[in-house]
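# Structure assessment
The chain contents come next:
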Amino acid sequence: MTIRVVVADDQELVRSGFAMILQAQPDIEVVAEAGDGAEAVEAVRRHAPDVVLLDIRMPRVDGIEAARTVCAESDCKVVMLTTFDQDDYVYEALHAGASGFLLKDVRRDDLVHAVRVVVAGDSLLAPSVARRLVADFTRRAAAVPATGPSEELGALTARERETLVLLGRGLSNAEIAAELVVSEHTVKTHVSNVLSKLGLRDRIQAVICAYETGLIARGG
């Protein structure tokens, strides 16, 4: 299977550099490049790619607004690329539906890996971004009056709720398996069930859900 990709960045050298890296892979085809968010949305509509790489700061329509449109209109996966890793950008991008968030100094192999990971249905965050994300949710949650877990979590089994809590704390499948003393295969099943029952796109949305439903204690 060939992974079809659109690359959007307002800096031509950056855009062409990412495109060249991806195009060199035997299983990846760059079907279009875009210089702003509006062009990116149009390219996604025209080419129906599997993944779109979106710079956050672009003229006319920024990457976050483009991500909202792409995620609302298609099943195309969104990976955000930026020189910035401030909390607000991460929070807004993930709420827009992004499945990955990488800094522009990402290594060549990590960029390629990110594209393959999100197409496979998983999500990916640069380590520094993941740490900021969990810390940001903790800060935001602490500022809101405590409530009990949302009723929507009633569809989950006790073990699935445990899995969601650990996802919310940023643990990998291997770390969750060690915490619950089960196999990684079992963890994958629990994660899949959580996403399916709660109607979530990926693990990143599961992190958001764990905090916003109050499943993870406020401020902790």
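To start, this report covers the structure provided alongside it. (Residues numbered from 1 in each chain as written. Predicted model: local features only at pLDDT ≥ 70, side-chain atom pairs only at ≥ 80, totals over all residues. Heavy atoms only, no water.)

### Let's talk about the nonpolar core
Of all hydrophobic cores here, the largest spans 30 residues; its most connected members are Val52, Leu54, Val70, Val78, Met80 and Phe101. At the level of secondary structure, the elements contributing two or more residues to this core comprise strand E1 (3-8), strand E2 (28-34), helix H2 (37-47), strand E3 (51-55), helix H3 (63-73), strand E4 (77-82), helix H4 (87-95) and helix H10 (203-212). Broken down by element, this core gets its largest block of residues, five residues, from H3. Val52 has contacts with Val6, Val44, Val70, Cys76, Lys77, Val78 and Val79, leaving out every residue within four places of it along the chain. Counting 23 residues, the second-largest nonpolar core is a separate cluster that includes Leu166, Ile176, Cys209 and Ala210. (Core = buried A, V, L, I, M, F, W, Y, C linked by side-chain atoms within 4.5 Å. Buried < 20%, exposed > 50% of the residue type's maximum accessible area, 1.4 Å probe, protein only. Helix = DSSP H or I, 4+ residues; strand = E, 2+ residues; numbered from the N terminus. Contact = heavy atoms within 4.5 Å.)

### Looking at helix H9 (residues 184-198)
In a regular helix each residue adds 1.5 Å, so 15 residues correspond to 21 Å; H9 covers 21 Å between its end C-alpha atoms and thus fits that length. Buried within H9 we find Val187, His190, Val191, Val194, Leu195 and Leu198. Each buried residue of H9 sits inside an arc of 130° when the element is viewed along its axis, so together they form one side. Summarising the geometry of H9, the exposed residues directed more than 90 degrees from the buried face are His185 and Ser196. Check the buried side of H9 and you find it contacts helix H7 (158-168), helix H8 (173-180) and H10. (Expected span 1.5 Å × (residues − 1). Arc of directions from axis to C-beta.)

### Focus on the pairing of E4
Burial of E4 is extensive: six of the six residues sit out of reach of the surface. Side chains Lys77, Val79 and Leu81 project from E4 onto one buried face, and the interleaved Val78, Met80 and Thr82 project onto a second face that is buried too. Handedness of the crossover joining E3 and E4 through H3 is recorded here as right-handed. Relative to strand E5 (residues 100-103), E4 is paired through four bridges, and the arrangement is parallel. Note that in E5 the partner of Val79 across the bridge is Gly100. (Right-handed = clockwise from strand over helix to strand, strands pointing away. Pairing = 2+ DSSP bridges.)

### A look at the environment of Leu102
Turning to its location among the elements, Leu102 is positioned in strand E5. When its relative accessible area of 4% is taken as the criterion, Leu102 is described as buried. Separated by 20 residues in sequence, Leu102 and Thr82 place their C-alpha atoms 6.7 Å apart.

### Here's the deal with the pattern of salt bridges
Within the structure shown, the criterion is met by 11 salt bridges. With a shortest N-O distance of 2.7 Å, Asp9 and Lys104 are connected by a salt bridge. Taken together, the residues Asp9 in the loop between E1 and helix H1 (12-23) and Lys104 in the loop between E5 and helix H5 (108-119) connect sequence positions 95 residues apart. Among the salt bridges present, the one from Asp55 reaches Lys104, with a minimum N-O distance of 3.4 Å. With Asp55 in strand E3 and Lys104 in the loop between E5 and H5, this residue pair connects regions lying 49 residues apart in the sequence. Of the two residues, Asp55 and Lys104, both sit in the buried class. Connected via shared salt-bridge partners are Asp9, Asp55 and Lys104. (Salt bridge = Lys/Arg side-chain N within 4 Å of Asp/Glu carboxyl O.)

### Quick word on H5
Between its first and last C-alpha atoms H5 spans 17 Å; for 12 residues at 1.5 Å apiece the expected length is 16 Å, and the two agree. Of all the residues in H5, the buried ones are Leu111, Val112, Ala114, Val115, Val117 and Val118. At the C-terminal side of H5, Gly121 shows a positive phi close to 100°.

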